[in-house]
Amino acid sequence: MAGFPKDFFWGGATAANQYEGGWNEGGRGLAATDVTTGATKDSPRRRTYVMPDGTTGATSAMGQQIPKGAKSCVLDGYYYPNHKGTDFYHHYKEDIALFAEMGFKMFRMSIAWPRIYPHANDEKPNQEGLDFYHKVFAELRKYDIEPLVTISHYDDPLTIDEEFGGWENREIIDFYCKYAETLFNEYKDEVKYWLTFNENNCETMSVQYVPNLPIERQQSAYKKLHNKFVASAKVVKYAHEHFPEFKVGCMVAGVFTYPLTCDPKDVIANMENMQNFFYYAGDVQARGYYPGFAKRIWDRVGLDAEYFNKDAEILREGKVDFFTYSYYSTSCQTSHKGAKRDGGGNLSLGYYNEYIKYSEWGWGMDPDGLRYSLNEIYDRYQIPVMVVENGLGALDTLEEDGSIHDQYRIEYMREHVKAMEQAIDDGVELLAYTPWGCIDLVSASTGEMRKRYGMIYVDMDDEGKGSMDRYRKDSFYWYKKCIASNGEDLD
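Here goes a summary of the coordinates provided.

### Describing the packing of helix α9 (residues 264-287) against helix α10 (residues 294-301)
- Two elements in contact, α9 and α10, have axes separated by 10 Å at closest approach and are oriented at 100°. Here α9 lies roughly perpendicular to α10, going by the angle between them. Between α9 and α10, the residues in contact are E272, Q275, N276 and Y280 and A294, R296, I297, W298 and R300, respectively.
- A breakdown of the residues in the contact of α9 with α10 according to their chemical character gives four nonpolar, two polar and three charged.

### Looking at the sheet that holds strand β15 (residues 430-433)
- Within the closed barrel, the eight strands sit side by side as β1-β5-β6-β7-β8-β10-β14-β15. Their pairing is parallel. Averaged over all adjacent pairs, the angle separating strand axes in this sheet is 30°, with direction ignored.
- Examined bridge by bridge, strand β6 (residues 146-152) and strand β7 (residues 193-197) share four bridges and lie parallel to one another. Its bridge partner lying in β7, L148 is registered against Y193.
- This element, helix α6 (residues 171-186), spans β6 and β7 of the sheet and lies at about 165° to β6.

### Overview of the pairing of strand β3 (residues 56-60)
- Where burial is concerned, most of β3 is hidden: four out of the five residues are buried.
- Looking at chain direction, strand β2 (residues 46-50) and β3 are connected through five bridges and run antiparallel. Within β3, the residue paired with R47 across the bridge is T59.
- Between β2 and β3, which pair antiparallel one after the other, the connecting turn spans five residues, and G54 there sits at a positive phi close to 95°.

### Things to note about the pairing of strand β8 (residues 247-253)
- The buried count for β8 comes to six of seven residues, which makes it a mostly enclosed element.
- Pairing geometry for β7 and β8, over three bridges, is parallel. Following the sheet pairing, W194 is matched in β8 by V248.
- Pairing between β8 and strand β10 (residues 322-326): five bridges, direction parallel. Following the sheet pairing, M251 is matched in β10 by T324.

### A few points about the nonpolar core
- One finds F99, Y280, Y325 and Y479 to be the most contacted residues of the largest nonpolar core, which totals 130 residues.
- It is helix α8 (residues 215-242) that provides the largest number of residues to this core, a total of eleven residues.
- Ranked by size, the runner-up nonpolar core spans ten residues in total, among them Y193, F322, M386 and A432.

### Considering the sheet that holds β2
- Taken in spatial order, the three strands make up an open sheet running β3-β2-β4, and their pairing is antiparallel. The open sheet has two free edges, formed respectively by β3 and β4 (71-72), since each of these has just one partner strand.

### Side note on helix α15 (residues 474-484)
- Of the residues making up α15, those classed as buried are S475, F476, W478, Y479, C482 and I483. Viewed end-on, α15 has its buried residues packed into an arc of 165°, placing them on one side of the element.
- Against β1 (9-13), α2 (88-102), α14 (407-426), β15, β16 (456-458) and β17 (470-472) lie the buried residues of α15.
- Directly after α15, the chain includes N486, whose backbone phi takes a positive value near 55°.

### Considerations on unusual backbone geometry
- The backbone phi angle of D87 is positive, close to 65°, even though this residue is not glycine.
- If you trace the backbone, D87 turns up in the loop between β4 and α2.
- The exposure class assigned to D87 is buried, which follows from its relative accessible area of 13%.
- In this model, E199 sits at a positive phi of 40°, which is unusual for a non-glycine residue.
- Within the fold, E199 resides in the loop between β7 and α7 (206-209).

### Concerning the environment of A61
- In this fold, A61 is placed in the loop between β3 and β4.
- We classify A61 as partly exposed; its relative accessible area is 39%.
- Placed 29 residues apart in sequence, A61 and A32 show a C-alpha to C-alpha distance of 9.6 Å.

### A closer look at the environment of E399
- Structurally, E399 is set in the loop between β14 (385-389) and α14.
- Remark: the alpha-carbon pair of E399 and F323, spanning 76 residues in sequence, is separated by 40 Å.

### Side note on empty space enclosed by the protein
- Per the stated rule, a full pass over the model turns up five cavities of 30 Å³ or more.
- In this structure, the largest cavity occupies an estimated 60 Å³ of space.
- In terms of lining, the largest cavity is formed by Y328, S359, W361, W363, M365, G391, L392, G393, Y412, K451 and Y453.
- Its residues assigned to classes, the lining of the largest cavity shows seven nonpolar, three polar and one charged.

Conventions and cut-offs
Residues numbered from 1 in each chain as written. Predicted model: local features only at pLDDT ≥ 70, side-chain atom pairs only at ≥ 80, totals over all residues. Heavy atoms only, no water. Axes fitted to C-alpha atoms, helices over the stretch in contact; angles between N-to-C directions. Helix = DSSP H or I, 4+ residues; strand = E, 2+ residues; numbered from the N terminus. Parallel < 35°, antiparallel > 145°, perpendicular 65-115°, else oblique. Contact = heavy atoms within 4.5 Å. Nonpolar A, V, L, I, M, F, W, Y, C, P; charged D, E, K, R; others polar. Pairing = 2+ DSSP bridges. Buried < 20%, exposed > 50% of the residue type's maximum accessible area, 1.4 Å probe, protein only. Core = buried A, V, L, I, M, F, W, Y, C linked by side-chain atoms within 4.5 Å. Arc of directions from axis to C-beta. 1 Å grid on protein atoms, 1.4 Å probe; cavity = no way out; pocket = protein on both sides within 12 Å on 5 of 7 lines; lining within 4 Å. Points joined across faces, edges and corners; volume = space filled by probe spheres on them.

By themselves, these are just geometric observations and shouldn't be taken as functional.
In structure tokens:
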């Protein structure tokens, strides 16, 4: 086998809203995650609000909206896990030193938009916020770790929804471009690799996941996603014109599915699922235009193609330089009634695959699917690829001696590293692997801590209690060995 290239970027990935904390420090404004409560795998996270008459309440954060006239707010009596995440804000030096000890070549992180522009439309950026990330980048540079920075990762300023009507408002494109241009100019000597939006295809997944979603909400989702495409394209063009040394990529949620059976109708069902929820977003950002099947989607939700085609030139001029995606699991699609669903801790992605194993949160563990997806993506777009999220959420036990024996995570990662090496041998130009939650952080879907992904254990429970001390898991030492050998020593 060809093996991993010598300059391969081994590393790890995090997101400010789940990791950084410091939610009310350093001039930071509110994000939607700051008014979202904790939950469990069996009960949804909730968004808290106050009505004009002072009455308060909470509604499901998935698919539901707060009542008309209400304002999202932080209320007494609720736990908001994202407020402190696992406190990178105060532990960044310690954490980056641990990343360096593992041998990281790249660290994927995000910048909290409300830390830079607390209200989205502020005239000037928040200097304390800018200074914080300068300190982070300086610490990374000390260890020769390349930052991979996501500009928007699920923590837009709350004012975007509450005061400006959300991403359906074209004005938000200008807010985002101003924010991104500020980052580019501020950190031009510290950051080379950028991602515009995290998993922006999730914008339209409510169309699939939320039962009986009103057609107006479905239309809104596609309009919002389009405006994010336009914002991304404008930012990519700006980077190319002003900072030719920059490399700017997209980031798409890895929705990969198989036909459940060889019934041609299952093959078609799977084709449409992949088109709707993966290639729709990938094609626009990597190819610079909407694919032919987009019209079928627009017709289904009652939208005029002209709404999307009017920005064709902008999209064409803003194609990304490389393609990144998250990969955790695969699922199946079928046209047959009565087939067993998968899922559990995550929303059901589709139907149960008897040929793969499942985690305790219902995620289908499928390393072969990683090789398959890498080939499909690279053959379709012919630009370099990064796997910027991958990992196993599991219950870890901190032993009395401070050890954490997570052999299950090692086995998961080992097989996925092998799959990446196979994809490279297939001819895929793979640049990086940054597994998700290299250090424990708050779960996006449930707000739990018990569902841990990291190779570094953080002593905190689902109620935010604990010392916040960091401990090296067995997977820490395994990954260190993997990196040092450039993927050759996987025992």
